[in-house]
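# Structural description and commentary
The lines below spell out each chain.
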Amino acid sequence: MRKDSFPLENKFQLAKDVIYEAGNFIKERMAGDFAIEEKSRFDDLVTDLDRDVQNLMIQKIGDRYPQDDFLGEENGVVSDISKGNVWVLDPIDGTVNFIAQKHDFAVMIAYYEEGVGQFGLIYDVMADRLYSGGGLFPVTVNGKELTSFEDKPFNRSLIGVNSGMCIQNYRGIADFGQQTLGIRGIGSAGISISRVLEGRFLAYFTHISPWDYAAGSIMGEKLGYTIRDFDGHSPDYKTRQELMFVPKAKLSEILHHLK
């Protein structure tokens, strides 16, 4: 580990404590009433609980590290991950799932120093599964270390795809899916990415923002995965983009199949 790894280990432990606290906060509040608002359209929803959870995480982290900055999904919290120490937060990833099912949603935290991802965490709240690590840390789920990508053919694999992109056959993604064992749509980027990290999905294709993929991209880098747009370029970590989370070893082959 690097010379100053102890402060980084302290931040990693804090992130674990905060993400569990956020998950418990959600479970305590989810049985009650909460306000629901539409953002860009009827199925792009936010609740006051999303905002409360993000505020909780910012407060807990900011109290310990007041000089650090934040990039978050809610309340216009915007910082450039390439400058300084930046925590990227997604308080409830899969808000529609949370509202409609009370299941299949996650809390996510990623931490960057001068644009370099140090660690990421994805917490599947209702399944009580914490994916964490990347950078100097092994990638684990509930403490059990995950293995790096192991190659297998498309016709022995499942892929995760955003349902809207699949219906539209965006860039031929539905056609590509026919070469696999099937397409699955979960409605949560974090949970979909975690299934790739575990080897349950070969890849994941979607339309997401930085807080949706930051944590997974850091962990994925450690295990042989990468996040790219549909032309093979790195995301900008600023805007919502059509992206794929895929094995590095399969990137050129997958790009060949996309229109």
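Since this is a predicted model, take the numbers as computed values, not measurements.

### Quick notes on the environment of Phe137
- Here Phe137 is to be found in strand S8 (residues 137-141).
- Under the relative-accessibility criterion, Phe137 is labelled buried at 6%.
- When the C-alpha positions of Phe137 and Ala22 are compared, they lie 22 Å apart, and in sequence the two are 115 residues distant.

### Thoughts on the environment of Leu181
- For Leu181, the location among the structural elements is in the loop between helix H5 (173-177) and strand S11 (182-184).
- On a C-alpha basis, the gap between Leu181 and Ser157 in space is 5.5 Å, while along the polypeptide they are 24 residues apart.

### Re the packing of aromatic side chains
- Summed over the entire model, instances satisfying the criterion amount to 17 aromatic pairs.
- Taken together, a centroid distance of 5.0 Å and an interplanar angle of 75 degrees make the contact between Tyr20 and Tyr123 edge-to-face. Here Tyr123 lies in strand S6 (residues 116-124) and Tyr20 lies in helix H1 (residues 5-29), a separation of 103 residues in the sequence.
- Here Tyr170 and Phe230 contribute two aromatic rings whose centre-to-centre distance is 5.2 Å and whose plane-to-plane angle is 80 degrees, an arrangement assigned as edge-to-face. Here Phe230 lies in the loop between strand S13 (225-229) and strand S14 (241-247) and Tyr170 lies in the loop between helix H4 (163-167) and H5, a separation of 60 residues in the sequence.
- A relative accessible area of 26% places Tyr170 in the partly exposed class.

### Considering the sheet that holds S13
- Strand order in the open sheet formed by five strands is S11-S10-S12-S14-S13, and the pairing between neighbours is mixed. Either end of the sheet is taken by a strand with one partner, and the two such strands are S11 and S13. Strand-to-strand twist across the sheet, computed as the mean angle between neighbouring axes with direction ignored, equals 20 degrees.
- Alignment of strand S10 (residues 158-161) against S11, held across three bridges, turns out to be parallel. What sits directly across from Gly160, in S11, is Arg184.
- This element, helix H6 (residues 189-197), spans strand S12 (203-208), S13 and S14 of the sheet and lies at about 160 degrees to S12.

### A short note on the side chain of Asp212
- Residue position: Asp212 is located in helix H7 (residues 210-223).
- One buried charged side chain, Asp212, makes no salt bridge at all; its nearest oppositely charged neighbour is Arg240, positioned 4.4 Å away.
- Among all residues touching Asp212, those that are not within four sequence positions of it are Asp90, Asp93, Met108, Ala189, Ile193 and Arg240.

### Structural notes on the sheet that holds strand S9 (residues 144-145)
- Read from one edge to the other, the open sheet built from seven strands follows the order S3-S4-S5-S6-S7-S8-S9, with strand pairing classed as mixed. Looking along the sheet, the strands with just one partner apiece sit at the ends: strand S3 (69-72) and S9.
- With three bridges joining them, strand S7 (residues 129-134) and S8 adopt antiparallel strand pairing. Across the sheet, the residue bridging to Tyr131 is Val141, located in S8.
- Its contacts with the sheet place helix H2 (residues 48-64) against S3, strand S4 (85-93) and strand S5 (106-113), and it is angled at close to 150 degrees to S4.

### Digging into the packing of H6 against H7
- As a packed pair, H6 and H7 sit with axes 9 Å apart at the nearest point and diverge in direction by 5 degrees. It follows from the interaxial angle that H6 and H7 lie roughly parallel. Here H6 contributes Ala189, Ile193 and Leu197 to the contact with H7, which in turn contributes Asp212, Tyr213, Gly216, Met219, Gly220 and Leu223.
- Per-class residue counts for the contact of H6 with H7 are six nonpolar, two polar and one charged.

Rules and cut-offs
Throughout, a residue's number is its position along its own chain's written sequence, starting from 1. Residue-level local features of this predicted model are given only where pLDDT is at least 70; pairs of side-chain atoms are given and counted only at 80 or more, and the full residue set underlies all totals for whole chains, interfaces and linings. Neither water nor hydrogens contribute to the side-chain values; these are computed over all heavy atoms in the structure. Only DSSP runs of H or I covering at least 4 residues are called helices, and only runs of E covering at least 2 are called strands; the numbering of each starts at the N terminus. Type-normalised accessible area, obtained with a 1.4 Å probe on protein chains alone, sets the label of each residue: buried when under 20%, exposed when over 50%, and partly exposed for intermediate values. What counts as a ring pair is set by centres within 6.5 Å for rings of Phe, Tyr and Trp (its six-membered ring), and what kind of pair is set by the plane angle: stacked under 30 degrees, edge-to-face over 60, tilted for all other angles. The criterion for strand pairing is that DSSP finds at least two bridges linking the strands in question. Angular values range over 0 to 180 degrees, each being the angle between N-to-C directions of two axes fitted as lines to C-alpha atoms, with helices fitted over their stretch in contact. Throughout, a contact is declared for two residues whenever any of their heavy atoms are within 4.5 Å. In this tally Asp and Glu are treated as negative and Lys and Arg as positive; neither His nor the chain ends contributes. Any carboxyl oxygen of Asp or Glu within 4 Å of a side-chain nitrogen of Lys or Arg constitutes a salt bridge here. Roughly parallel means an angle under 35 degrees; roughly antiparallel means over 145; roughly perpendicular covers 65 to 115; every other angle is labelled oblique. Amino acids outside the nonpolar list (Ala, Val, Leu, Ile, Met, Phe, Trp, Tyr, Cys, Pro) and the charged list (Asp, Glu, Lys, Arg) are all regarded as polar, and Gly is one of them.

Read these as geometric descriptors, not functional statements.
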